[in-house]
Amino acid sequence: MAIRGHYTHHAKKSTFHYSSCSTYLFFISLLCLASLFLVFSLFKSSVSPHNHQSLQFKHSDSSETPTLVEPCDYSDGMWIYDPDLRSAPYDHTCKEIFKGWNCIASNKSNGWDIIKWRWKPKGCDLPRFDPIRFLEWFRNKSIGAGFVGDSLNRNMFVSLFCTLKRASSEVKKWRPAGADRGFTFLQYNLTIAYHRTNLLARYGRWSADANGGALETLGYKEGFRVDVDIPDGTWTEAPSFHDILIFNTGHWWWAPSKFDPAKSPMLFFENGLPLIPPIPPHVGLDLVLKHMILFVERRMRPGGIKFFRTQSPRHFEGGDWDQGGSCQHLQPLLSQQVEELFSLKNNGTNVETRLVNQHLYKALKSSDFHILEITRMSEFRADAHPSTAGGKKHDDCMHWCLPGITDTWNDLFIMHLNNINFQN
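Residues numbered from 1 in each chain as written. Predicted model: local features only at pLDDT ≥ 70, side-chain atom pairs only at ≥ 80, totals over all residues. Heavy atoms only, no water.

Peer 1: Now, about the packing of helix α6 (residues 281–299) against helix α8 (residues 352–364): what can you tell me, with residues and values included?
Peer 2: One can describe the packing of α6 onto α8 by two numbers: an axis separation of 10 Å at closest approach and a directional angle of 35°. α6 and α8 meet at a crossing whose hand is right-handed. Where α6 abuts α8, its residues His-282, Leu-285, Asp-286, Leu-289 and Ile-293 lie against His-359, Leu-360, Lys-362, Ala-363 and Leu-364. A class-by-class count of the residues in the contact of α6 with α8 yields six nonpolar, two polar and two charged. (Axes fitted to C-alpha atoms, helices over the stretch in contact; angles between N-to-C directions. Helix = DSSP H or I, 4+ residues; strand = E, 2+ residues; numbered from the N terminus. Left-handed = near helix turned anticlockwise from the far one by under 90°. Contact = heavy atoms within 4.5 Å. Nonpolar A, V, L, I, M, F, W, Y, C, P; charged D, E, K, R; others polar.)

Peer 1: I'd like a rundown of the environment of Ile-246, residues and numbers included.
Peer 2: The topology assignment puts Ile-246 in strand β11 (residues 244–247). For Ile-246, a relative accessible area of 0% translates into the label buried. Residues Ile-246 and Ile-305, 59 residues apart in the sequence, show an inter-C-alpha distance of 8.8 Å. (Buried < 20%, exposed > 50% of the residue type's maximum accessible area, 1.4 Å probe, protein only.)

Peer 1: Tell me about the pattern of salt bridges, and please be specific about residues and values.
Peer 2: Using the criterion set out here, one finds 16 salt bridges in the structure. A salt bridge links Glu-96 to Arg-181, with the shortest nitrogen-to-oxygen separation between them at 2.4 Å. With Glu-96 in the loop between β3 (77–81) and β4 (117–121) and Arg-181 in strand β7 (residues 181–185), the pair connects residues that are 85 residues apart, well separated along the chain. On the basis of relative accessibility, which here comes to 8%, the residue Glu-96 falls in the buried class. The exposure class assigned to Arg-181 is buried, which follows from its relative accessible area of 17%. Look at the salt bridges and you will find they share partners, linking Glu-339, Arg-354, Arg-376 and Glu-379 into a network. (Salt bridge = Lys/Arg side-chain N within 4 Å of Asp/Glu carboxyl O.)

Peer 1: Please give an account of the layout of surface pockets that cites residues and values.
Peer 2: Counted as a void, the largest pocket has a volume near 680 Å³. Taken together, the residues of the lining of the largest pocket break down into ten nonpolar, seven polar and ten charged. Estimates place the volume of the second largest pocket at around 420 Å³. Forming the walls of the second largest pocket are 26 residues, and the residues nearest its centre are Leu-85, Arg-118, Arg-128, Thr-408 and Asp-411. (1 Å grid on protein atoms, 1.4 Å probe; cavity = no way out; pocket = protein on both sides within 12 Å on 5 of 7 lines; lining within 4 Å. Points joined across faces, edges and corners; volume = space filled by probe spheres on them.)

Peer 1: Before we move on, could you go through the sheet that holds strand β5 (residues 145–149) and cite the residues and values that matter?
Peer 2: A sheet is described by the order of its strands in space; here seven strands give the open sequence β6-β7-β8-β5-β11-β14-β15, paired in mixed fashion. Both outer strands of the open sheet, β6 (171–174) and β15 (370–372), are each paired with one neighbouring strand and no more. Across the sheet, the mean angle from the axis of one strand to that of its neighbour is 20°, orientation sign disregarded. As judged from the four bridges shared by β6 and β7, these two strands associate in the antiparallel manner. Along β7, the bridge assignment pairs Trp-174 with Gly-182. (Pairing = 2+ DSSP bridges.)

Note that all results are geometric; they support no functional claim without further evidence.
Written out as structure tokens, the structure reads:
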């Protein structure tokens, strides 16, 4: 009996021990699954197109495969002056640089200093992109990147072209899919193009009809008709042609010198009919963004990547461009100066910068566009505009010197492309 009793007691202990181990292993498994789910959720959050934070990664010397390093918010950082900084990714002899943007050739006093400032995000680095690696990446793709927007997107397009041309000079110039200008790098079969459009939507002069109409009844005699649901013809074929699109709009929406609210207002149409009562430009912008985003999402080629660049800041002080405004800074602004110039509370000359971004973020929130956030880093760079060297009767405090800050925009653009490839 003692032996049997001992055996029974031992069996009960074994059963209890086995049950405890099973329960323990079960909870460990649940904990592991929960941990994996949490990591995956954080991963998705860190690479969301609406989150400024992005994955940082590097390429090893022996492999083209990217290696994850850490999440990084590239929009949060500072400009650091480096007198020993290596030369720009191209020089001022690139023929595609618009004369008014060529600050070195125009002998702007700080033309050479502009390129010695580099953007340093907090806690990580934004390396200069490698043009050879970029071209290799797109080798044998018959199409490439399309920039769609106003002259500030041309500023960025020219920067990318000049950087790539320095690495591969055999190019064919043409105008693909209605583009204003474009180039194919023949050795790599890669095409980049710029599609000029000021409002994204189609617009043109409008005059009152002698037979009358809804707008005529309200007293309108002339203005600009903006069809909020019809894209500008310069880029309608771009989504089905390009693998990558980079959009922008904004500068023309707050431009009383272009669309005088009294003499030549923006008059918005939808489905071919005027919107009555007439709506103000900022409401028109919301409608245009809604329709254009839907148009692109319907027409974009399978696997295509869509970016929307945030607003490029102007730096007019003492008045707007046609009121004697200027930008005479020779160094980047301090944080306090940035807030004085761009704060919505101050409602200053350059207030449209952050206003436009509010509309962009609202419109893009539920889309699958990736946001290219360049505003914050650019707000500091009042020193990097052509200013009086732009060759105009007024200071150019809107466009950027080349080489210059748009080179950094392209570094950020390529970094985001790499991150997207890493996810895929």
